[in-house]
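Structural overview
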Amino acid sequence: MSGKPRLTYFDGRGRMEPVRWLLAAAGVEFEEKFLETREQYEKLIKDGELMFQQVPLVEIDGLKLVQTRAILSYIAGRYNLYGKDLKERALIDMYVEGITDLMHMILVFPFSPSEAKEKNIELIKEKATNRYFPVFEKALKQHGQDFLVGNRFSWADVQLTEAILAVEEKIPAVLSVFPQLQAFKTRMSNMPTIKKFLQPGSPRKPPPDEHYVQTVKKILK
Amino acid sequence: MSGKPKLHYFNGRGRMESIRWLLAAAGVEFEECFLEAKDDLVKLQKDGSLLFQQVPMVEIDGMKMVQTKAILSYIAGKYNLYGKDLKERALIDMYVEGMIDLNELLMVHTFQPAEKKEQHFATLVDKATNRYFPVFEKVLKDHGQDFLVGNQFSRADVQLLETLLTAEEFKPDILAKFPLLQSFKARTSNIPTIKKFLQPGSQRKPPLQEKDVEKVMKIFH
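Residues numbered from 1 in each chain as written. Chains lettered and ligands numbered in written order. Predicted model: local features only at pLDDT ≥ 70, side-chain atom pairs only at ≥ 80, totals over all residues. Heavy atoms only, no water.

- Under an unreviewed UniProt entry, chain B has the name glutathione transferase and belongs to Cuculus canorus.
- A UniProt comment under Sequence similarities (unreviewed entry) is attached to chain B, and it reads "Belongs to the GST superfamily. Alpha family." (UniProt positions renumbered as here; feature names shortened; annotations may be inferred.)

- Taking an unreviewed UniProt entry as the reference, chain A is identified by name as glutathione transferase belonging to Cuculus canorus.
- Its UniProt record gives chain A a comment under Sequence similarities (unreviewed entry), which states: "Belongs to the GST superfamily. Alpha family."

Next comes the structure, spelled out in structure tokens:
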């Protein structure tokens, strides 16, 4: 046992990517076990490793954590990325939940039928531009600070950075009307732990391709 | 201003019901402002009250909170229903996230098109009895305590009771194979604040009737 957290998931972004981002941003090294076959997945279930028979699974500090939000909340709390009090935590939670709703569209996109894909990109663009990004643009403008909450780096900053980059992969000019978010993106990308994560060879996973989609469909049936 | 939390939603369960349960369980009195028509939602959106233009929204402690999970976490933290440390919180979060997944299945059932209802019902019963209920039956069996986590009443207990009662509305004998969940249900229903919430005249909402589906759809679409 190395003592490092161990992540069990497919070899791709999916629901585990925010966990990789958060651990990396916190400067925490981790190991990964990739699911490649249905047999591996069934064995995990049979061995009682997956509380609700689902991945992501993160083994950390003697816990076998499942449920993405539970995992992320634990990491945020453990590594001081969750604000200084209950009210800051509430703000971080609100921001993170909104971003999660936006990221959900990106998560399911590769699995949508090809004839729906163009429409789905339009939907992502519309929601990002009209519902989600304006909120964070406004927050940054109003307090003029480097970070979203409490003048301190938190889970919300990591989640927003991940979302900005993910949306830009689909809609490259999406930040054109959001100068604060452009500056925020540059600032976050230059933070040492995040800069390292954005370099080739890091645990960051590439955008999902057809092979990833087929692997997931095969394993989860 | 009464100082009591104020809930903004339509007059029905939906995504606000878990919040009503938790406030009631914590012994916190609250007020409700019901959206009756689309105009009511539009008005809230226009006056900037809804961070992501969505309800639920709860005015509490000077904040206008949105995002159900953020609201529930805040209430749980404030009223000491979130365990004694980070690890207990992780366990509570895992349990609650699983229950929320099941609740989601229950909640959307009424909105299924007629031709999909039977299949959906079968899925819901299968997941409840094979994926979720066995987990909590085992937790209670393994530690033999009255509450799910840390021998102390928490939001996980409140969520579990809500889920068990809702599942029983769909299939009255759904707990037949789960004796510990049955006794958990009886015990937890007798906690004074919860007992009060379960009585007629409380702010607990009835299940959504088919005839009301159209009215709800009109508010949100």
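There's more to say after this.
**Regarding the domain arrangement of chain B**
Residues and elements named next belong to chain B.
- Per the domain assignment, the segments of chain B are domain 1 (6-79 + 198-220) and domain 2 (86-190).
- Here the C-alpha centre of domain 2 lies 22 Å away from the C-alpha centre of domain 1.
- Of the residues lining the interface, 20 residues belong to domain 1; the matching set on domain 2 comes to 18 residues.
- Of the roughly 1,600 Å² buried between domain 1 and domain 2, counting both surfaces, carbon and sulfur atoms make up 62%.
- Three residues stand out in domain 1 for area buried against domain 2, namely Arg15, Trp21 and Lys69, and they jointly supply 29% of the buried area on that side.
- Here domain 1 is connected to domain 2 by five salt bridges.
- Inspection of the domain 1/domain 2 interface yields six residue pairs in polar contact (both at pLDDT 80 or more).
- Ranked by residues supplied to the side of domain 1 that touches domain 2, first place goes to helix 1 (residues 17-25) with five residues. (Domains from an automatic or database assignment. Contact = heavy atoms within 4.5 Å. Buried area = accessible area lost by both parts, 1.4 Å probe. Salt bridge = Lys/Arg side-chain N within 4 Å of Asp/Glu carboxyl O. Polar contact = N/O pair within 3.5 Å; in protein donor to acceptor, adjacent residues only side chain to side chain. Helix = DSSP H or I, 4+ residues; strand = E, 2+ residues; numbered from the N terminus.)

**Quick look at the packing of aromatic side chains**
- Under the definition given, this model contains 18 aromatic pairs over all chains.
- Through successive ring pairs, a cluster of aromatic residues spans Phe52(A), Tyr95(B), Tyr132(B) and Phe136(B).
- Cation over ring: Lys117(A) sits above Phe109(A), and NZ or CZ is 5.5 Å from the ring centre. (Phe/Tyr/Trp six-rings, centres within 6.5 Å; stacked < 30°, edge-to-face > 60°. Lys NZ or Arg CZ within 6 Å of the ring centre and 35° of its normal.)

**Re the interface of chain A and chain B**
- In this assembly, 32 residues from chain A lie in contact with 32 residues from chain B.
- Across the interface of chain A and chain B, roughly 2,900 Å² is buried in total on both sides, 63% from carbon and sulfur atoms.
- On inspection of chain A and its partner chain B, the count reaches zero salt bridges.
- The interface formed by chain A and chain B includes six residue pairs in polar contact (both at pLDDT 80 or more).
- Looking at the side of chain A that touches chain B, the elements that each hand over two or more residues are strand 4 (63-66), helix 3 (68-78), helix 4 (86-108) and helix 5 (114-143) of chain A.
- Sort the elements by how many residues they give to the side of chain A that touches chain B and helix 4 of chain A lands first, with ten residues.

**Thoughts on helix 7 (residues 179-189) of chain B**
Residues and elements named next belong to chain B.
- Of the positions making up helix 7, those classed as buried are Leu181, Phe184, Thr188 and Ser189. All buried residues of helix 7 project into a common sector of 115 degrees when viewed along the axis, lining one side.
- Considering only its buried residues, helix 7 is in contact with helix 5 (114-143), helix 6 (155-170) and helix 8 (192-197). (Buried < 20%, exposed > 50% of the residue type's maximum accessible area, 1.4 Å probe, protein only. Arc of directions from axis to C-beta.)

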